[in-house]
Amino acid sequence: KKMVSAIRHKTNELKIELASEEIVLMGHASESAGKMLRGSVILNLTEPMKVRSVILSFTGKMKVSWSEGIGHHQHYHKQEKDIMEHKWQFVPIMDQAHKKAFTLGAGEHKWDFELMLPGDLPQSLEAEGGQVVYRLKATVERTAFLQNIVKKKIMRVVRCMLPTEFELIQTLEIHNTWAEKMMYDILLPSKVYARGHLIPITFHITPIAARLRVRTLTATLKEYCTYTANDCSKTDTRIVKIQKDEDPFPNAPVQTGGPIDPISWTKVISLDIPPMSSQMAFCDADNEMIRIRHKLKFVICLVNADGHLSELRCSVPVIIISSISEQAELNNLPAYEHAWQSVLCLESGPSTPVSEGMPTPPICHSSPMPVMTSNNHEPQEIPLESPSGEPLWWHGSNLSRVPSYRTAAQQAPVALSGSLPSYDQLAGSPRHAAMFGHLSMSPGQTSK
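Residues numbered from 1 in each chain as written. Predicted model: local features only at pLDDT ≥ 70, side-chain atom pairs only at ≥ 80, totals over all residues. Heavy atoms only, no water.

1. Some details on the overall build of the protein chain
(1) Moving on: Across its full length, the protein chain carries five helices and 23 strands.
(2) Moving on: Counting all 448 residues of the protein chain, 37% fall into the buried class.
(3) Moving on: At a minimum sequence separation of 6, the contacts of the protein chain that also span at least 24 residues come to 72%.
(4) Moving on: Summing over all exposed atoms, the protein chain offers an accessible surface of approximately 27300 Å²; the carbon and sulfur share of this is 54%. (Helix = DSSP H or I, 4+ residues; strand = E, 2+ residues; numbered from the N terminus. Buried < 20%, exposed > 50% of the residue type's maximum accessible area, 1.4 Å probe, protein only. Contact = heavy atoms within 4.5 Å. Areas by Shrake-Rupley, 256 points an atom, 1.4 Å probe, with all protein chains shown as cover.)

2. Some points on the environment of Leu125
(1) Moving on: In this fold, Leu125 is placed in strand 8 (residues 125–126).
(2) Moving on: Distance in space between the C-alpha atoms of Leu125 and Val157 is 8.9 Å, their sequence separation being 32 residues.

3. Let's talk about the pattern of salt bridges
(1) Moving on: Under the criterion given, the structure shown has 16 salt bridges.
(2) Moving on: The partner of Glu288 in a salt bridge is Lys81, and the shortest N-O contact between them spans 2.7 Å. One end of the pair, Glu288, is in the loop between strand 18 (285–286) and strand 19 (290–303); the other, Lys81, is in strand 5 (residues 75–91), and 207 residues separate them in sequence.
(3) Moving on: Overall, Lys81 belongs to the partly exposed group, its relative accessible area being 29%. (Salt bridge = Lys/Arg side-chain N within 4 Å of Asp/Glu carboxyl O.)

4. Description of the side chain of Ser278
(1) Moving on: By the element assignment, Ser278 lies in the loop between strand 17 (265–272) and strand 18.
(2) Moving on: Relative accessible area serves as the criterion here: at 17%, Ser278 is assigned to the buried category.
(3) Moving on: Separated by 3.0 Å, the side chain of Ser278 and the backbone nitrogen of Met280 make a polar contact. (Polar contact = N/O pair within 3.5 Å; in protein donor to acceptor, adjacent residues only side chain to side chain.)

5. A look at the packing of aromatic side chains
(1) Moving on: Per the counting criterion, the structure on display carries five aromatic pairs.
(2) Moving on: Where Phe90 meets Trp111, the ring centres are 5.8 Å apart and the plane angle is 15°; that geometry is what we call stacked. Linking Phe90 in strand 5 with Trp111 in strand 7 (residues 107–117), this pair joins segments that are 21 residues apart in sequence.
(3) Moving on: Their ring planes at 85° and their centres at 6.0 Å tell us that Phe203 and Phe298 sit as a pair that is edge-to-face. Taken together, the positions of Phe203 in strand 14 (residues 198–207) and Phe298 in strand 19 put the pair 95 residues apart, joining distant regions of the chain.
(4) Moving on: It is Arg238 that lies over the ring of Phe282; its NZ or CZ is 4.6 Å from the centre.
(5) Moving on: The ring of Tyr224 carries Lys295 above its face, with NZ or CZ at 5.9 Å from the centroid. (Phe/Tyr/Trp six-rings, centres within 6.5 Å; stacked < 30°, edge-to-face > 60°. Lys NZ or Arg CZ within 6 Å of the ring centre and 35° of its normal.)

6. Let's talk about the sheet that holds strand 7
(1) Moving on: Spatial strand order, 1-3-7: three strands in an open sheet with antiparallel pairing. Single-partner strands in this sheet number two, and they are strand 1 (13–18) and strand 7. For this sheet, the mean angle separating the axes of adjacent strands, direction not counted, is 15°.
(2) Moving on: Pairing of strand 3 (residues 35–45) with strand 7, which is carried by 11 bridges, proceeds in the antiparallel orientation. Its bridge partner lying in strand 7, Ser40 is registered against Asp112. (Pairing = 2+ DSSP bridges. Axes fitted to C-alpha atoms, helices over the stretch in contact; angles between N-to-C directions.)

7. Some details on the nonpolar core
(1) Moving on: In this structure, Leu56, Phe58, Phe113, Leu117, Met155 and Ile290 are the most contacted members of the largest nonpolar core, which totals 46 residues.
(2) Moving on: Considering each element in turn, this core owes the most residues, eight residues, to strand 4 (residues 49–68).
(3) Moving on: Setting aside anything within four residues of it in sequence, one finds Leu56 in contact with Ile16, Val41, His86, Lys87, Trp88, Phe90, Phe113, Leu136, Lys137 and Ala138. (Core = buried A, V, L, I, M, F, W, Y, C linked by side-chain atoms within 4.5 Å.)

8. As for a positive patch on the surface
(1) Moving on: A grouping of Lys63, Lys78, Arg135, Lys137 and Lys152 is seen on the molecular surface, where their side chains present a positively charged patch.
(2) Moving on: Along the chain, the position of Lys152 falls in strand 10 (residues 149–161).
(3) Moving on: Take Lys152: its relative accessible area is 52%, and that puts it in the exposed class. (Patch = residues over 30% accessible without salt bridge, like charges linked within 9 Å, V, L, I, M, F, W, Y side chains within 5 Å. Lys, Arg positive; Asp, Glu negative; His and termini not counted. Charge placed at Lys NZ, Arg CZ, Asp CG, Glu CD.)

Set out below in structure tokens:
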């Protein structure tokens, strides 16, 4: 009888099914519209069952904990915070709340649920000193002393950056001159990188000193995790990835100090970021209890003419995220103005990265768009006139028709003109004459 009872108990199955196993929030926390959580609680019964209730709870919790000191002087720091909580009650329904027990027939019972999640939720995290966990828990409460049926499910919340985000198209450049030694540029194509992707780092070095050589080029991705509990903080640092290139320019010509053309050396080093399945790196996070930041650090080791070594050290902050969404995969459309503009009217002042052991810090330039130049390094000009010489300020669009939102989003971006038509050009157009002919006042009318 016990065996039969155990078999029957196993066949009573409780499941939580979600429309998507991951909740993907688009854009920054301050601007994300949020996402709808949808799913079903499914109870399969082989025979009728008496229950007190069927409920589902959703909880989001943030925890930090660590210890300091040794032995009797060891102190533990711990804090927990509820991010969000919601509960659904499927049984009993409102008009049956007075009953103490309810009978569910054999077969499948399905209850659908949905919940709008805010766009500022912190993304899921499993770090050594802190966790952000979202959990669904379904409970079938049995009568008398029978054991309840419980099913738990962990749900991941990740943040995905839109391809139109300014940080994605913002290039970084570290430029400086080491007096009487060299000029150097370190270029990064973006400020933001996704887990599992590569970071290409381009070094441009122009030697000034005679017989100067580069011994090594080193690039390091470093992670800083700061945990805060009850006004106490702890910061853990670790090296996520390091790439070192020995003798990067073996056959490059050396500056002799004579009157020759300037020599320039170029090398690209790639750092691969661990994928989401790895715990070797975390995504950037910024909230009151957990703060995660990343820096790229560079070291250029030089061999001087007399054989002694010199090192240049500098660093720049970067952002590591879970993924970058493809435009075709987005459920929400881009902003109306983004669909029609290809030039971002955004300005970013120069930021100065950390420089170690140098008399003058390098200059880090932020460029809103990758700079396209011709062979002679002169900026390419956007044509503002048609072959007939007429200005293309309206780009051939029919201004009497306003496109729909979806139509505008599907159009390819067009370059904006840097100039507007003159007043004389507008005043001489037939449309201007027709429009202002209706608005002209008779000689006898004057404004008062």
